[in-house]
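What the coordinates show
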Amino acid sequence: MIAKAPSGSVLVVDYEIAPFIVEPAINAACERDFPVILDPSPADRVEQNLFSQVTYLVPDAGEAEKLSGIKINSVDCSIQAAHHFLDRGVKNTCVKLKDGGCVLINHEQTLHIPPVPVDVVDATGAGDAFAGALAVAVLEKRSLQDAACFATAASHVTVTRYGSQPAYPTRSEIDAMFQRLTPQAYVLS
């Protein structure tokens, strides 16, 4: 029950649940001034009329391509797709790149978090780990760059193991990967 959630909460939602649940959840979170993190998966269920209520949209490259109509084959294309979402009211867009990095864009800045090498075992759950870690970073009031690096760190560790939830990293594992990723991150504008 979002109406009973503690103040300062964050809503993380995706379309793995029925769309008729997503819209009232987002509306309820906005009524409470909670940040909304929307993972638009699967993309064919997404109701783009909700974008103006989304604080962070976190599509992977395939979802960004499907929703924007922009082929994602480079960082520049990811930036174009992210601007497409900003133009539709999303406050911050983070496109998760196929190589494991991400771009995070809002109206003030564009950040690129390149990946660091890891031994990829299974990508299942990496997107969910990203969204969950982003929520933690938002709750901790981290900077936009640190939040993007923290979320990317969680997904990096997750892909090194099999499965979804069993592969989710511990805080210390995320922090260690964060230390590897942060020096690589940079502001594009």
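Let me begin by describing the structure that accompanies this report. (Residues numbered from 1 in each chain as written. Predicted model: local features only at pLDDT ≥ 70, side-chain atom pairs only at ≥ 80, totals over all residues. Heavy atoms only, no water.)

**Observations concerning the nonpolar core**
In summary, soluble globular proteins display a tendency toward joint burial of nonpolar side chains. Counting residues in each nonpolar core, the largest one holds 32 residues, and the members touching the most others are Ile37, Val58, Ile113, Phe130 and Leu134. Take this core: its biggest share by element is 9 residues, from helix 5 (residues 144-158). Once residues lying within four places of it in the same chain are set aside, the contact partners of Ile113 are Gly101, Cys102, Ala148, Cys149, Thr152, Leu181 and Ala185. Judged by nonpolar contacts, the second largest core, of 30 residues, contains Ile26, Val46, Phe85 and Leu97. (Core = buried A, V, L, I, M, F, W, Y, C linked by side-chain atoms within 4.5 Å. Buried < 20%, exposed > 50% of the residue type's maximum accessible area, 1.4 Å probe, protein only. Helix = DSSP H or I, 4+ residues; strand = E, 2+ residues; numbered from the N terminus. Contact = heavy atoms within 4.5 Å.)

**A word on the pattern of salt bridges**
Counting across every chain of the model gives 5 salt bridges. In this structure, the salt-bridge partner of Arg171 is Asp175, at a minimum N-O distance of 3.3 Å. Taken together, the positions of Arg171 and Asp175, both in helix 6 (residues 171-181) and 4 residues apart, correspond to about one turn of that helix. According to the relative accessible area criterion, Arg171 is partly exposed, its value standing at 37%. When its relative accessible area of 29% is taken as the criterion, Asp175 is described as partly exposed. (Salt bridge = Lys/Arg side-chain N within 4 Å of Asp/Glu carboxyl O.)

**Considerations on the sheet that holds strand 3 (residues 56-57)**
With mixed pairing, 7 strands are arranged side by side in an open sheet as 1-2-3-4-5-6-7. The open sheet has two edge strands, strand 1 (11-14) and strand 7 (186-187), and neither has a second partner. Pairing of strand 6 (residues 110-113) with strand 7, which is carried by 2 bridges, proceeds in the antiparallel orientation. Bridge assignment links Leu111 to a residue of strand 7, and that residue is Val187. (Pairing = 2+ DSSP bridges.)

**Describing the packing of aromatic side chains**
Evaluation of the coordinates by the stated rule reveals 2 aromatic pairs. Over the aromatic face of Phe178 sits the side chain of Arg142, whose NZ or CZ is 5.2 Å from the ring centroid. (Phe/Tyr/Trp six-rings, centres within 6.5 Å; stacked < 30°, edge-to-face > 60°. Lys NZ or Arg CZ within 6 Å of the ring centre and 35° of its normal.)

**As for the pairing of strand 2 (residues 36-39)**
In strand 2, alternate side chains face the same way, and those of Val36 and Leu38 on one face and Ile37 and Asp39 on the other are all buried. Pairing of strand 2 with strand 3, which is carried by 2 bridges, proceeds in the parallel orientation. Pairing of Leu38 across the sheet is with Leu57, part of strand 3.

**As for the pairing of strand 4 (residues 92-96)**
Among the 5 residues that make up strand 4, 5 are buried, leaving the element largely enclosed by the rest of the structure. Residues Asn92, Cys94 and Lys96 point to one face of strand 4 and Thr93 and Val95 to the other, with burial holding for every one of them. Here strand 3 pairs with strand 4 via 2 bridges, running parallel. Within strand 4, the position partnered with Tyr56 by the bridge is Asn92. For strand 4 and strand 5 (residues 102-105), the ladder comprises 4 bridges, and the chain directions are antiparallel. By the bridge assignment for strand 5, Cys94 is matched with Leu104. The turn joining strand 4 and strand 5, which pair antiparallel and follow one another in sequence, is formed by 5 residues; a positive phi near 105° is taken by Gly100.

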